[in-house]
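An overview of the molecular structure
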Amino acid sequence: MTRASEVRESGQYDVVVLGAGPVGENVADRAAAAGLGVAVVESELVGGECSYWACMPSKALLRPAIARADARKVPGLRQAVGGPLDAEAVLAHRDEYAAHWKDDGQVAWLDSIGARLHRGHGRLDGARRVTVTAPGGERYTLTARHAVAVCTGSRAVLPDLPGLAGARPWTSREATSAQRVPDRLAVVGGGVVAAEMATAWQALGSRVTVLVRGGGLLPRMEPFVGEHVADALTEAGAVIRTHVSVTAVERAAGTGPVTLTLDDGSRAEADEVLFATGRAPRTGDLGLETVGLDPGSWLSVDDTCRVTGTDWLYAVGDVNRRALLTHQGKYQARVAGAAIAARAGGRTTLDTGPWGEHAATADHAAVPQVVFTDPEAASVGLTLAEAEATGRRVRAVDHDLAAVAGSGLYAEGYRGRARMVVDLDREILLGVTLVGPAVGELLHSATVAVAGEVPIGRLWHAVPAYPTISEVWLRLLEAYRG
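Here is a short report on the structure shown in this document. Because the structure is predicted, anything quoted here is derived from the model rather than measured.

1. Section: the overall build of the protein
Looking only at helices and strands, the protein features 16 helices and 21 strands. Here the protein has a C-alpha radius of gyration of 24 Å; the compact-globule value for 482 residues is 23 Å, and the two agree. Along the first, second and third principal axes, the C-alpha set of the protein runs to 65 × 65 × 40 Å. Split into buried and exposed, the 482 residues of the protein put 51% on the buried side. Intrachain contacts of the protein at a sequence separation of at least 6 include 63% that bridge at least 24 residues. Here the protein has roughly 21000 Å² of accessible surface; of this, 50% comes from carbon and sulfur atoms. If you average the places of the 48 positive and of the 56 negative side-chain charges in the protein, the two averages end up 1 Å apart.

And the structure:
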């Protein structure tokens with residue numbers, strides 16, 4: 001093993017990490033804590049997508065919208081929050097959470113753990129070798145004694161449509177960093193980014209139109225989730241059109257409004273258009289071909305996040321397509337960092353059992369996710385349809401969240417729904433889905449139940465506090481027992 005101070009001149013490290021987002025940072029942290037010399041290569045901002053163009057700025061935009069919506073349902077408070085949001089203040093708050101798109105603090109943190117930052121574009125150049133092209137054009141090579149970890153994340157995908165390039169569409173990056181509120185915003189897509197950004201910009205004063213190719217919002221969650229979110233967006237003034245696809249895009253005079261031609265022959269006009277139509281791995285220019293892999297591909301890995309067919313290359317986070325979520329990527333990074341350190345220390349047998357520190361097993365069946373819309377949506381594990389597709393004997397148990405005492409105290413007119421999916425043979429939970437105000441704070445209890453495979457009989461003795469919305473757990477168990 002080498003220390004960072006020993007590798008600054010040689011270009012040799014124990015571990016080279018490509019990408020300094022939350023995933024790369026966590027791999028570097030775990031490896032450095034184990035005494036390994038670590039290099040981190042980053043072509044943009046240290047902190048990555050989540051810090052500057054995703055999780056942090058999007059939640060900073062959404063929190064005022066959700067807080068106002070909740071406050072308007074509280075007697076004695078609704079009259080005080082009847083006016084519009086202060087868009088300028090919200091955007092300024094967002095800018096603070098994005099550190100004004102400067103990464104000084106993150107760079108200082110990397111330095112504090114002993115990792116060496118290399119600014120520039122890194123490409124694989126054969127086994128355990130990374131060529132870095134610095135911003136000024138200088139090229140040099142880093143060599144990894146033990147491992148290279150690809151933590152480059154994913155990027156927004158734009159469809160191949162006539163006129164799209166000239167229309168300068170928003171992707172998730174522009175949607176979270178825009179400096180003014182467009183009068184009209186068209187959102188193309190029905191997934192998480194589309195639903196959250198429609199919520200945020202509608203609340204900030206845009207007239208939002210959502211164009212969904214399928215039958216509704218958030219199609220990867222239980223069907224009732226998208227229905228609740230769509231109803232709330234519609235009540236807020238947004239227009240949602242389903243079963244429509246965009247066939248062409250045109251921006252007038254280069255700076256004027258955008259016209260979208262739809263496959264039903266109609267048109268939609270907006271001042272800005274956001275395409276939230278999927279993600280692709282940022283692996284197109286990483287030199288994968290030099291190690292026998294396909295450029296631009298998702299990278300297949302084992303549960304230690306080591307790339308299939310290699311003994312030195314790791315792919316962590318979005319690039320392995322197991323779960324495109326920051327918290328899951330960081331979880332994988334902790335596992336991968338521990339596995340790299342163990343192997344570097346000569347261990348040939350790792351703790352890769354169901355709950356082992358060297359295995360990312362939660363990615364298989366216990367992935368939690370919160371969608372920060374109004375109302376919030378939260379899920380972990382399998383939906384009913386997914387569980388049925390596995391061939392298990394399963395049962396879905398639902399409960400109206402409005403019937404829980406704590407929900408009425410939280411807000412008048414509270415609307416929501418909870419579902420747990422039960423494996424009838426093992427009597428454990430395979431999945432839990434909730435939609436309603438503040439349900440994101442209920443999700444970790446569900447995650448513990450699913451990930452821990454806690455028996456239904458044991459959950460009966462986990463008594464929820466009264467009067468809280470978490471009392472829904474008692475009502476779901478009562479409904480299951482009949």
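Next comes the rest of the account.
2. What about the sheet that holds strand β13 (residues 267-270)?
If you walk across this open sheet you meet the 3 strands as β11-β12-β13, and the pairing is antiparallel. Edge positions in the open sheet fall to β11 (246-251) and β13, since each of these has one partner strand only. Direction aside, neighbouring strands of the sheet carry axes that sit 20° apart on average. The sheet contact formed by β11 and strand β12 (residues 258-262) spans 5 bridges and is antiparallel. The partner of V246 across the bridge, within β12, is L262.

3. Let's talk about the sheet that holds strand β17 (residues 368-371)
Ordered in space as β17-β18-β21-β20-β19, the 5 strands form an open sheet in which the pairing is antiparallel. Sheet topology places β17 and β19 (394-400) at the edges, where each strand pairs with a single neighbour. Pairs of neighbouring strands in the sheet enclose a mean axial angle of 15°, with direction left out of account. Of the pairings in the sheet, the one linking β19 to strand β20 (residues 417-423) comprises 7 bridges and is antiparallel in character. Paired with R395 across the bridge in β20 is V422.

4. Describing the environment of V404
Structurally, the position occupied by V404 is in the loop between β19 and α13 (405-410). Residue classification places V404 among the buried residues on the basis of a relative accessible area of 2%. Separated by 299 residues in sequence, V404 and G105 place their C-alpha atoms 44 Å apart.

5. A closer look at the state of the cysteines
In protein structure, a disulfide is the covalent linkage between the sulfur atoms of two cysteines. For the structure shown, the criterion picks out 1 disulfide. Bridging C50 to C55, the disulfide has an S-S length of 2.4 Å. Linking C50 and C55, the disulfide has an S-S dihedral of approximately -130° and is accordingly described as left-handed. Taking relative accessible area as the criterion, C55 reaches 21% and is therefore assigned partly exposed. Cysteine C151 remains unbridged, with the sulfur of C305 as its closest cysteine sulfur at 8.8 Å.

6. Concerning the nonpolar core
Formed by 38 residues in total, the largest nonpolar core has its most connected members in V187, W201, V208, L217, L218 and L274. Counting only elements with at least two residues in this core, the list comes to α4 (55-71), α5 (87-97), β8 (184-188), α8 (192-204), β9 (207-212) and α9 (223-236). Ranked by residues supplied to this core, first place goes to α8 with 8 residues. Discounting chain neighbours no more than four positions away, the residues touching V208 are L185, V187, A198, W201, Q202, A238 and V239. Ranked by size, the runner-up nonpolar core spans 29 residues in total, among them V380, L434, A446 and V454.

7. Observations concerning the layout of surface pockets
Over the atoms a probe the size of a water molecule is rolled, and this reveals where empty space is left. The space that makes up the second largest pocket amounts to roughly 570 Å³. Lining the second largest pocket are 25 residues, with A69, K73, A232, A236 and D374 sitting closest to its centre. Contributions of two or more residues to the lining of the second largest pocket are made by α4, α8 and α9. Per-element accounting of the lining of the second largest pocket gives the leading share, 6 residues, to α9.

8. Remarks on the side chain of T383
Structurally, T383 is set in the loop between β18 (377-381) and α12 (384-389). Ignoring any residue separated from it by four or fewer positions in sequence, one finds T383 in contact with R220, M221, E222 and V421.

9. Regarding the pattern of salt bridges
Taken as a whole, this structure holds 27 salt bridges when the rule is applied. Two residues, R282 and E44, come together in a salt bridge whose shortest N-O distance is 3.3 Å. Here R282, found in the loop between β15 (279-281) and β16 (313-315), pairs with E44, found in the loop between β2 (38-42) and α3 (48-53); they are 238 residues apart in sequence, far enough to count as distant. With a closest N to O distance of 2.7 Å, R94 and D95 form a salt bridge. An identical accessibility class is assigned to R94 and D95; each is buried. One network of salt bridges, in which partners are shared, links E44, E49, R173 and R282.

Here is what the cut-offs are and how they apply
- All residue numbers refer to positions counted from 1 along the written sequence of the respective chain.
- This being a predicted model, a pLDDT of at least 70 is required before a residue's local features are given, and a value of 80 or more before pairs of side-chain atoms are given or counted; all residues contribute to the totals for chains, interfaces and linings.
- Based on all heavy atoms of the structure, the side-chain values leave hydrogens and waters out of the count.
- Strands are runs of DSSP state E lasting at least two residues, helices are runs of H or I lasting at least four, and both sets are numbered from the N terminus onward.
- Put simply, the radius of gyration uses C-alpha atoms, and a globule should come to 2.2 Å times the residue count raised to 0.38.
- Only protein chains enter the accessibility calculation, which uses a 1.4 Å probe. A residue is then buried if its area is under 20% of the maximum for its type, exposed if over 50%, and partly exposed in between.
- Residue contacts are defined here by distance: any two heavy atoms, one from each residue, within 4.5 Å place the two residues in contact.
- Each accessible area value is a Shrake-Rupley result obtained with a 1.4 Å probe; residue values ignore everything except the protein chains displayed when judging cover.
- Here Asp and Glu are counted as negative and Lys and Arg as positive; His is not counted, and neither are the chain ends.
- Where a charge sits is defined by one atom per residue type, namely NZ (Lys), CZ (Arg), CG (Asp) or CD (Glu).
- Paired strands, as defined in this entry, are two strands with at least two bridges between them according to DSSP.
- Orientation is described by axes fitted as lines to C-alpha atoms, over the contacting stretch for helices, and by angles from 0 to 180 degrees between their N-to-C directions.
- By disulfide we mean two sulfur atoms from cysteines, separated by a distance within 2.5 Å.
- What is meant by a nonpolar core is a set of buried Ala, Val, Leu, Ile, Met, Phe, Trp, Tyr and Cys residues, joined one to another through side-chain atoms within 4.5 Å.
- Cavity: a set of points on a 1 Å grid over the protein atoms alone where a 1.4 Å probe fits but cannot get out. Pocket: an open set with protein on both sides within 12 Å along at least five of seven lines, its lining residues, like those of a cavity, having an atom within 4 Å of a point.
- Grid points are joined across faces, edges and corners, and a volume is the space filled by probe spheres set on the points.
- For salt bridges, the criterion is a side-chain nitrogen of Lys or Arg within 4 Å of an Asp or Glu carboxyl oxygen.

Treat this as a map of the structure, not an account of what it does.
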